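# Residue-level structure breakdown
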Amino acid sequence: MNYQLNNIPERVVKPRDYGLTMAMDKGLSVREVEDLISTSSDYIDIVKLGWATSYVTPNLDQKLKVYRDAGIPVYFGGTLFEAFIIRNQFDDYRRALDRFGMELAEVSDGSIDLPHDEKCEYIRQLAQQVTVLSEVGSKDVEKIIPPYKWIGLMQTELDAGAWKVIGEARESGNVGLFRSSGEVRSGLVEEILTKIPFEKIIWEAPQKEQQVWFVKLLGANVNLGNISPHEVIPLETVRLGLRGDTFSHFLNNNHK
Amino acid sequence: MNYQLNNIPERVVKPRDYGLTMAMDKGLSVREVEDLISTSSDYIDIVKLGWATSYVTPNLDQKLKVYRDAGIPVYFGGTLFEAFIIRNQFDDYRRALDRFGMELAEVSDGSIDLPHDEKCEYIRQLAQQVTVLSEVGSKDVEKIIPPYKWIGLMQTELDAGAWKVIGEARESGNVGLFRSSGEVRSGLVEEILTKIPFEKIIWEAPQKEQQVWFVKLLGANVNLGNISPHEVIPLETVRLGLRGDTFSHFLNNNHK
Amino acid sequence: MNYQLNNIPERVVKPRDYGLTMAMDKGLSVREVEDLISTSSDYIDIVKLGWATSYVTPNLDQKLKVYRDAGIPVYFGGTLFEAFIIRNQFDDYRRALDRFGMELAEVSDGSIDLPHDEKCEYIRQLAQQVTVLSEVGSKDVEKIIPPYKWIGLMQTELDAGAWKVIGEARESGNVGLFRSSGEVRSGLVEEILTKIPFEKIIWEAPQKEQQVWFVKLLGANVNLGNISPHEVIPLETVRLGLRGDTFSHFLNNNHK
């Protein structure tokens, strides 16, 4: 760090199994990726190419190479998986993962109806090819899943071979884990945490207030996702108690 | 495209007369323009230098050259036209268009009171010099224009020589076509479309929900404007049914 | 300017004592700083590295050099000062200022409880080392300071040696000078201005509506802060009456 400050919460360092920041790239240029890496490569663990933006991204190979050279694994958003599934093109999806040398893949059902045993079968199959992230929660504001079902879905998907499970929020942060106002469904989160280890969950939390809420609940090393590239540095200060929002929190408490 | 997905809505390809994306540049650096072109030159048809930002932009010639070399026509926002008109400097405006080699110009009256026959006379005169876009709708939230008047204004301006008419929304998307909440004035849009061909209208739609609404109503090849540079790639996925918002729409329907 | 427009409000030119734009850098890459300077060096007077983002910013020396070479002074956000104070590391803070060759420093108490005479003592001490900006107002939405107290605090801090006083708003613009909706506490601002010269105050005003409000009240040369890098050019047009929001204002009035 650039100067010595005492009593800063300890951050697990990369490569790490928790304390993850997953950033969302929804169409950055190659040079913008280089810029992001120059400021944030110590803080970003994985990058998602949002939903199916990879379909229309030129120079995809070149962009993936820049991330790869920085040691940051990249994956295609779950909506792309669903776009292949709904078209009965699962084999094409597997070939696309190979073609671009992807190390990770996301399995989700936010925009399609997919029987849960089929979803788990996809997790099982893909886990033989890549590291799998699976996502729970609908993109549809009207589909409210009760807490005990979230827990059941998450546990089954981890058992099927998912490395981590992701709690859905979209880019906007107003579905799934959150009310349409963006407010956290705190009872849901707390009930999930009674059953699923916090290290296994990546919480999508694109809004600052959401990030603050999770850091206050789970400490500096909570896994957070859907972080906008220009918010990675600000998030790191929130984790360390160096922004107004969490400034007092870490001075009065001992947290992981 | 980077991989094969079946049943993707067909996009008209550039150069095209409809299916246009108009991006708004409100002060990008030359290098940021290069970045934008590297990711989005296939998707952007025209660029507006927002309102009168061109007045305070350094290196304007250099920036225009980068767009020109990429084959993307640029125009000055309508507020600049109005700034010249209110000062009785129309001839200076025409000279500025020449000086910078502009191929397009916008005629609007969002911030000034301009008798409609005078506005149409400006359209006629400028149409001899450049391709004219004319804009209908006020930037003033209190000025509500009834649908039959929108239709009359649009038709007269097209008759006067405008290539396309633009429906006003501002950078924020909360006036003109939209309520102050950002919600589309859907009755207005639908009534306009009974009289004016959809190919002749560019809808300013800076917010994602607005873009989704228009794509659902008019298909992948609707003309949309005031798109933020970093939202061009996301918009292209909305057009193609590859984002959650329009994912199911194109699977169940046949649209233009 | 790129073309001649008559009757544009006169802007004080750099280096200037008022009419200041303070931009907030919350983690720009070196190349993004170069881009910002290429478009906005005539318009930005000072840059704040937001709160304690400097702690986690790589290549800090290199970044500071780019700003310095452009003649733009930079300072660390007040939250960093507070982070040192709460840890009893004031001497370390002074050393950090020296180590990085900072010309400016901010003294604030937005996140800590600091007796006002102690705050003024810090201002006095730091004023011997650097140019001091002091900030009034809490980051806590629940702490409402009545106008007469704002005036007293501001006057005492100027007397203690602050070059300018800053009115708090945060990055989001919803505390201090503003209600949680972002609306200006206009009575507060007007009462402050009966006692403190407008040249001595930098108003944090991150939202466009807030900037417009201040420009309408105090003219093109009001000091405004917490401006996002991509909003510097738009703000300059607001100052000059070249955006819809202030378009009519300068045509009907004579303002400083």
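Cut-off values and rules
- Residues numbered from 1 in each chain as written.
- Chains lettered and ligands numbered in written order.
- Predicted model: local features only at pLDDT ≥ 70, side-chain atom pairs only at ≥ 80, totals over all residues.
- Heavy atoms only, no water.
- UniProt positions renumbered as here; feature names shortened; annotations may be inferred.
- Phe/Tyr/Trp six-rings, centres within 6.5 Å; stacked < 30°, edge-to-face > 60°.
- Helix = DSSP H or I, 4+ residues; strand = E, 2+ residues; numbered from the N terminus.
- Buried < 20%, exposed > 50% of the residue type's maximum accessible area, 1.4 Å probe, protein only.
- Least-squares fit on C-alpha atoms with pLDDT ≥ 70 in both.
- Contact = heavy atoms within 4.5 Å.
- Pairing = 2+ DSSP bridges.
- Buried area = accessible area lost by both parts, 1.4 Å probe.
- Salt bridge = Lys/Arg side-chain N within 4 Å of Asp/Glu carboxyl O.
- Polar contact = N/O pair within 3.5 Å; in protein donor to acceptor, adjacent residues only side chain to side chain.
- Nonpolar A, V, L, I, M, F, W, Y, C, P; charged D, E, K, R; others polar.

An unreviewed UniProt entry annotates chain A as Phosphosulfolactate synthase of Catalinimonas alkaloidigena. What UniProt states about chain A under its Sequence similarities (unreviewed entry) heading is, verbatim, "Belongs to the phosphosulfolactate synthase family."

## Observations regarding the packing of aromatic side chains
Taken as a whole and assessed by the stated rule, the structure comprises 36 aromatic pairs over all chains. Their ring planes at 45° and their centres at 5.6 Å tell us that Tyr3 of chain A and Tyr55 of chain C sit as a pair that is tilted. With Tyr3 of chain A in the segment before strand E1 (21-25) and Tyr55 of chain C in the loop between strand E2 (46-49) and helix H2 (60-69), the pair connects residues from two separate chains. Assessed through its relative accessible area of 9%, Tyr3 of chain A is described here as buried. Under the relative-accessibility criterion, Tyr55 of chain C is labelled buried at 8%.

## Overview of the relation of the copies chain C and chain B
Two copies of the chain are present, and they differ by a rotation about an axis and a shift along that axis. Note on the identical chains: chain C maps onto chain B by a rotation of 120° and an axial translation of 0.0 Å, with an RMSD of 0.0 Å. Expressed as an axis order, the relation between the two copies is that of a three-fold axis. When the interface residues of chain C are mapped onto chain B, a mere 3% of them are again interface residues, pointing to distinct binding faces.

## Focus on the relation of the copies chain A and chain C
For the pair chain A and chain C, the best superposition has an RMSD of 0.0 Å and corresponds to a rotation of 120° with a translation of 0.0 Å parallel to the axis. A low fraction, 3%, of the interface residues of chain A reappear at the interface in chain C, so the copies pair through non-equivalent surfaces.

## Topic: the pairing of strand E1 (residues 21-25) of chain C
The side chains of a regular strand alternate between the sheet's two faces. All names here are of chain C. Burial analysis of E1 places five of its five residues in the buried class, which makes it a mostly covered element. Of the two faces of E1, the one carrying Thr21, Ala23 and Asp25 and the one carrying Met22 and Met24 are both buried. Relative to strand E8 (residues 224-227), E1 runs parallel, the two being bridged by two bridges. Counterpart to Thr21 in the pairing with E8 is Leu224. In the sheet, E1 pairs with E2 via four bridges, with the strands oriented parallel.

## Regarding unusual backbone geometry
All names here are of chain A. In the segment running from Lys14 into Pro15, the intervening peptide bond is cis, with an omega of -5°. Tracing the chain through its elements places Pro15 in the segment before E1. At Asn226, a position not held by glycine, the phi torsion is positive, near 60°. As for its placement among the helices and strands, Asn226 is situated in strand E8 (residues 224-227). For Asn226, a relative accessible area of 4% corresponds to the buried category.

## Examining the interface of chain C and chain B
Tallying the contact residues gives 29 residues for chain C and 31 residues for chain B. Summed over both partners, the interface of chain C with chain B buries about 2,800 Å², with 57% contributed by carbon and sulfur atoms. A per-residue breakdown of the area chain C buries against chain B is headed by Asn2, Tyr3 and Phe247 of chain C, which together make up 25% of the total. At the boundary of chain C with chain B, the tally comes to five salt bridges. Linking Glu231 of chain C and Lys26 of chain B is a salt bridge whose minimum nitrogen-to-oxygen distance equals 2.4 Å. Linking chain C to chain B there are 17 residue pairs in polar contact (both at pLDDT 80 or more). Those elements that place two or more of their residues in the side of chain C that touches chain B are helix H1 (30-40) and helix H9 (232-239) of chain C. Broken down by element, the side of chain C that touches chain B gets its largest block of residues, five residues, from H1 of chain C. Of the residues assigned to the side of chain C that touches chain B, the class counts are eleven nonpolar, ten polar and eight charged.

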